[in-house]
Amino acid sequence: RPLSSEEVAELSAHVASDPVHVWNKLRLGIHYGQIAAPDRAQELFAEILAEDPGHLDTRLAWAAMHAGEGSLDQALAQFEHARHHDSCDARVLFGLGYCYERQGQIDAALNAYLEGKNYQPYLPQHSQRCAAIYLYRQQYDKAIEQCRQLVSEHPEDGFNYVMLGQ
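Residues numbered from 1 in each chain as written. Predicted model: local features only at pLDDT ≥ 70, side-chain atom pairs only at ≥ 80, totals over all residues. Heavy atoms only, no water.

## Quick look at the overall build of the chain
- When helices and strands are counted, the chain shows 10 helices and zero strands.
- Summarising its shape, the C-alpha atoms of the chain cover approximately 60 × 30 × 25 Å along the three principal directions.
- When burial is assessed residue by residue, the chain has 40% of its 166 residues classed as buried.
- The distance from the centre of the 13 positive side-chain charges to the centre of the 23 negative ones in the chain is 6 Å. (Helix = DSSP H or I, 4+ residues; strand = E, 2+ residues; numbered from the N terminus. Buried < 20%, exposed > 50% of the residue type's maximum accessible area, 1.4 Å probe, protein only. Lys, Arg positive; Asp, Glu negative; His and termini not counted. Charge placed at Lys NZ, Arg CZ, Asp CG, Glu CD.)

## Structural notes on unusual backbone geometry
- Despite not being glycine, Q138 shows a phi value in the positive range, around 60°.
- Structurally, Q138 is set in the loop between α8 (124-136) and α9 (140-153).

## What to know about the state of the cysteines
- Considering all chains together, one arrives at zero disulfides under this definition.
- In this structure C88 is not part of a disulfide, and its nearest cysteine sulfur, from C130, lies 17 Å away.
- According to the relative accessible area criterion, C88 is partly exposed, its value standing at 37%.
- C130 provides the cysteine sulfur closest to C99, a residue in no disulfide bond, and the two sulfurs are 16 Å apart.
- Judged by its relative accessible area of 0%, C99 is buried. (Disulfide = S-S within 2.5 Å.)

## What about the nonpolar core?
- By size, the foremost hydrophobic cluster in this structure holds 23 residues, and its most contacted members are F79, V92, L96, C99 and I133.
- Elements represented by at least two residues in this core include exactly α4 (56-69), α5 (72-85), α6 (90-102), α7 (106-119) and α8. (Core = buried A, V, L, I, M, F, W, Y, C linked by side-chain atoms within 4.5 Å.)

## Examining the environment of Q42
- Position of Q42 relative to the elements: it lies in helix α3 (residues 38-51).
- Classification of Q42 as partly exposed rests on a relative accessible area of 25%.
- Through-space distance from the C-alpha of Q42 to that of A109 is 26 Å; in sequence the pair is 67 residues apart.
- Every residue in contact with Q42, bar those within four places of it in the chain, is listed here: W62, M65 and H66. (Contact = heavy atoms within 4.5 Å.)

## Re a nonpolar patch on the surface
- Where nonpolar side chains cluster on the molecular surface, the patch consists of L135, Y140 and I144 and spans about 270 Å² of accessible area.
- In this fold, L135 is placed in helix α8.
- Exposure remark for L135: the relative accessible area of 39% places this residue in the partly exposed category. (Patch = residues over 30% accessible without salt bridge, like charges linked within 9 Å, V, L, I, M, F, W, Y side chains within 5 Å. Areas by Shrake-Rupley, 256 points an atom, 1.4 Å probe, with all protein chains shown as cover. Salt bridge = Lys/Arg side-chain N within 4 Å of Asp/Glu carboxyl O.)

## Quick notes on the side chain of K25
- For K25, the location among the structural elements is in helix α2 (residues 22-34).
- Looking at K25, its side chain comes within polar contact range of the side chain of E47, at 3.0 Å. (Polar contact = N/O pair within 3.5 Å; in protein donor to acceptor, adjacent residues only side chain to side chain.)

## Remarks on the pattern of salt bridges
- Applying the stated rule across the entire model yields eight salt bridges.
- Notably, a salt bridge pairs E43 with R40, separated by 2.5 Å at the nearest N-O pair. Of the two residues, E43 and R40 are both situated in helix α3; the distance of three residues between them amounts to about one turn of the helix.
- R40 gets classed as partly exposed once you look at its relative accessible area, which sits at 30%.

## A few points about the environment of V8
- Following the sequence through the fold, V8 ends up in helix α1 (residues 5-17).
- On the basis of relative accessibility, which here comes to 15%, the residue V8 falls in the buried class.
- Sequence separation of V8 and M163 is 155 residues, and the distance between their C-alpha atoms is 42 Å.

## Quick word on the packing of α4 against α5
- Two elements in contact, α4 and α5, have axes separated by 7 Å at closest approach and are oriented at 165°. Classified by the interaxial angle, the pair formed by α4 and α5 is roughly antiparallel. Both α4 and α5 take part in a crossing whose hand is left-handed. Between α4 and α5, the residues in contact are L56, R59, L60, W62, A63, H66 and A67 and L72, Q74, A75, Q78, F79, H81 and A82, respectively.
- A breakdown of the residues in the contact of α4 with α5 according to their chemical character gives nine nonpolar, four polar and one charged. (Axes fitted to C-alpha atoms, helices over the stretch in contact; angles between N-to-C directions. Parallel < 35°, antiparallel > 145°, perpendicular 65-115°, else oblique. Left-handed = near helix turned anticlockwise from the far one by under 90°. Nonpolar A, V, L, I, M, F, W, Y, C, P; charged D, E, K, R; others polar.)

This is a description of form; function is not addressed.
So, in structure tokens, the structure goes:
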């Protein structure tokens, strides 16, 4: 949720009094991204990354902001920077898959989702996207395999049963 005006004022005061406190800057940057003030958000994200180019949460927030704006090339660049610093983070790999898929790079998307699934197999999103890609490619056996695996690992998630047609 976007911050209230009081929360923005308080957070801005914290950032002004302690400019090296990364989490205050990051939260404020995310807020500006949510209210369509990307220039201010990018300024704060750039300040954080100037100090710590590998700050994963900042890269992810910046990438998400770009993806939300439809700037997939810029989002992809941030996700790729993040991957350079942490190649095993499932959030990064899902973001890469998301961008590749929307750009029509289906093989790259599938590879990113499969890799993310290897690192954090308990998260269903990677498998769900793999199943969707297999369905799109009419690779029904692989899609059914993904769906069955999802149902066995996440029986509480009704979406997985829908994908399997149950």
